Amino acid sequence: MTEEQLEHGAFIARFLNNAVVIESKIVSSVSLGKLTLNDGKVIYALSYLTLKGKNQIKYVSDYLILTPAACSTAVKKLEKYGYVKAVREKNDKRNVKLVLSDKAYQFIVAVNAYHSRLCNEYKSLLGDDLNIAINLMRRIDQIVTGEDSYKSE
């Protein structure tokens, strides 16, 4: 491995870590310290998957590449804090739909405000190259997940 490859690998690791730190701070400030980054990701994924009619733990865990157990633990915490409600279907009690509360949607609006500010800052730095950067991130996501099957449905 060359020095340049090591430098690139180290930079990618640092960049991803910085992205996690930023998102963690946003989630913590919006939720007044009650939620972790993973909790915030579950809320966001659930809001997206609800639009697709896939508001169950299985789909959320698949989408976020989490184990069902880890996702279930996050959902229980979100229920405790009033962000999510698990609703069992009358005909099949094993089928549990996850429903976001108004509090969860307020959380999403607040996080979106932070994201909007970040995007504006990035846009001022990158200009039209921001679209190139976003497309690159989407391509990386497709490589990691094997294709974004939720996008095409």
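Cut-offs and rules
- Residues numbered from 1 in each chain as written.
- Predicted model: local features only at pLDDT ≥ 70, side-chain atom pairs only at ≥ 80, totals over all residues.
- Heavy atoms only, no water.
- Salt bridge = Lys/Arg side-chain N within 4 Å of Asp/Glu carboxyl O.
- Helix = DSSP H or I, 4+ residues; strand = E, 2+ residues; numbered from the N terminus.
- Buried < 20%, exposed > 50% of the residue type's maximum accessible area, 1.4 Å probe, protein only.
- Phe/Tyr/Trp six-rings, centres within 6.5 Å; stacked < 30°, edge-to-face > 60°.
- Lys NZ or Arg CZ within 6 Å of the ring centre and 35° of its normal.
- Expected span 1.5 Å × (residues − 1).
- UniProt positions renumbered as here; feature names shortened; annotations may be inferred.

With an unreviewed UniProt entry as reference, the chain is termed Winged helix-turn-helix transcriptional regulator, source organism Candidatus Scatoplasma merdavium.

Caption draft 1: Just the pattern of salt bridges, in detail. Across all of its chains, the model carries three salt bridges by this definition. One salt bridge in this structure joins D39 and K77, with 2.8 Å as the shortest N-O distance. Taken together, the residues D39 in helix 2 (residues 37-51) and K77 in helix 4 (residues 68-80) connect sequence positions 38 residues apart. For D39, a relative accessible area of 3% translates into the label buried. A salt bridge links K123 to D128; the nearest nitrogen and oxygen atoms lie 3.9 Å apart. Residue class for K123 comes out partly exposed when judged on its relative accessible area of 36%.

Caption draft 2: Representation of the packing of aromatic side chains. Evaluated as defined, the whole model comprises three aromatic pairs. Judged by centre distance (6.1 Å) and plane angle (80°), the ring pair of Y83 and F107 falls under edge-to-face. With Y83 in the loop between helix 4 and strand 1 (84-88) and F107 in helix 5 (residues 102-126), this residue pair connects regions lying 24 residues apart in the sequence. Comparing Y83 with F107 shows no difference in burial state: the two are buried. A cation sits over an aromatic face here: K103 above Y83, 4.8 Å from the ring centre. R117 extends its terminal NZ or CZ atom over the ring of Y114, reaching a point 4.7 Å from the ring centre.

Caption draft 3: Quick peek at helix 6 (residues 129-145). Taking 1.5 Å as the rise per residue, helix 6 with 17 residues should run 24 Å; its terminal C-alpha atoms sit 24 Å apart, in good agreement. Looking one or two residues beyond helix 6, the residue adopting positive phi is G146, at roughly 85°.

Caption draft 4: Summary view of the UniProt feature "domain: HTH marR-type" (unreviewed entry) in the chain. Residues given the UniProt feature "domain: HTH marR-type" (unreviewed entry) here are residues 53-104. Between the first and last C-alpha atoms of residues 53-104 the distance is 18 Å; the span itself is 46% helix and 19% strand.

Caption draft 5: Spatial organisation of helix 2. The end-to-end C-alpha distance of helix 2, which contains 15 residues, comes to 22 Å, matching closely the 21 Å that a straight helix rising 1.5 Å per residue would cover. Within helix 2, burial applies to L37, D39, G40, V42, I43, A45, L46, S47 and L49. Phi turns positive one or two residues past the end of helix 2, at G53, with a value near 75°.

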